[in-house]
Amino acid sequence: MPNQNFSHPIQFKASESLSLPVQQTPIPIHHYLRQPQRLVKAIADPKLMEQLSDNEFRLKMRPLNFMEMYHFQPTVILGVWSDNKGTVFLRSQDCDIRGIDYINDRFSLTLKGKLCPQEKEGKTYLQGQANLTVEVDLPPPLRLTPESLLKMTGNGLLRGVLNRIKNRLLNQLSQDYHHWVDSQSQSLKNEEVSRFGEPCPES
């Protein structure tokens, strides 16, 4: 939650959208998206992620460098859930910055995202939107810096964060989806074999 005691607050914002065509498979992608934990595991660096429950994850963001003065690595608790249509929702629930107590005590981060399958002209697309907002109380060394420069730098940092997430999504999600479809098909095949036995060979 935003800190209400900021004396010199400044807010940074960034947003990112995507439209990803989905190759048709025997299992529609909305079935895959009903397991949002797979989505998080597909797009997050496993070395920087810890699963807390079915719907909560602790994610370490890549280290950030602000104005060549402050180097920090936010850790975000991310809630992830989906509805019966396969729409996935992401929302930050808490954020912690270790190593810089001044900023950690005067910092709030809000991440909201949505990813949903849509049909268009007989094809399936994943439509996504993410919004990232950071509010921070300026440390004294930065209070004389022009606000326009601070916002340009801060907004650029947030765009970089969202762009990295988008690129991992574009590169990893389709691959994990098709891997999941293959594993589901193999599981069904194995189940049929165990129930009915191997099919008779053709003569």
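Treat the numbers as computed from the prediction; the structure is a model and nothing was measured.

**Focus on empty space enclosed by the protein**
Space left empty within the atom packing is revealed by a probe, the size of a water molecule, rolled over the atoms.
And then number 1: Applying the stated criterion across every chain yields a total of 2 cavities of 30 Å³ or more.
And then number 2: By volume, the largest cavity amounts to about 190 Å³.
And then number 3: Around the largest cavity, the lining is made up of 18 residues, and of these F12, F66, F72, F107 and V136 lie nearest the centre.
And then number 4: Mapped onto the lining of the largest cavity, the elements with two or more residues apiece are β4 (64–66), β5 (70–72), β8 (107–120), β9 (123–137) and α4 (147–196).
And then number 5: Taken together, the residues of the lining of the largest cavity break down into 17 nonpolar, 1 polar and no charged.
And then number 6: Estimates place the volume of the second largest cavity at around 30 Å³.
And then number 7: Lining of the second largest cavity is provided by L20, P21, V22, Q23, I29, L173, S174 and Y177.

**Examining the pattern of salt bridges**
And then number 1: Counted by the stated rule, this structure contains 6 salt bridges.
And then number 2: We note a salt bridge from D45 to R62, for which the minimum N-O separation is 3.0 Å. Of the two residues, D45 sits in the loop between α2 (36–43) and β2 (49–53) while R62 sits in the loop between β3 (56–60) and β4, which places them 17 residues apart along the sequence.
And then number 3: Residue D45 is classed as buried on the basis of its relative accessible area of 19%.
And then number 4: R58 is the partner of E50 in a salt bridge, and the nearest nitrogen-oxygen pair spans 2.7 Å.
And then number 5: Here E50 falls in the partly exposed class, since its relative accessible area comes to 41%.

**Remarks on the confidence of the model for the chain**
And then number 1: Here the chain averages 86 in pLDDT, while 89% of its residues score no lower than 70.
And then number 2: Mean pLDDT across the secondary structure elements of the chain bottoms out at helix α3 (residues 101–104), with 79, and peaks at strand β1 (residues 9–22), with 94.

**Considering α2**
And then number 1: Those residues of α2 not exposed but buried are P36, L39, V40, A42 and I43. When α2 is viewed along its axis, its buried side chains cluster within an angular range of 160 degrees and face the same direction.

**Here's the deal with the packing of aromatic side chains**
And then number 1: Counted under the stated rule, the structure contains 5 aromatic pairs.
And then number 2: Ring geometry for F12 and F66: centres 5.8 Å apart, planes at 50 degrees, overall tilted. Residue F12 is located in strand β1, and its partner F66 is located in strand β4; the two are separated by 54 residues in the primary sequence.
And then number 3: Overall, F12 belongs to the buried group, its relative accessible area being 6%.

Conventions adopted
Residues numbered from 1 in each chain as written. Predicted model: local features only at pLDDT ≥ 70, side-chain atom pairs only at ≥ 80, totals over all residues. Heavy atoms only, no water. 1 Å grid on protein atoms, 1.4 Å probe; cavity = no way out; pocket = protein on both sides within 12 Å on 5 of 7 lines; lining within 4 Å. Points joined across faces, edges and corners; volume = space filled by probe spheres on them. Helix = DSSP H or I, 4+ residues; strand = E, 2+ residues; numbered from the N terminus. Nonpolar A, V, L, I, M, F, W, Y, C, P; charged D, E, K, R; others polar. Salt bridge = Lys/Arg side-chain N within 4 Å of Asp/Glu carboxyl O. Buried < 20%, exposed > 50% of the residue type's maximum accessible area, 1.4 Å probe, protein only. pLDDT = per-residue confidence, 0-100. Arc of directions from axis to C-beta. Phe/Tyr/Trp six-rings, centres within 6.5 Å; stacked < 30°, edge-to-face > 60°.

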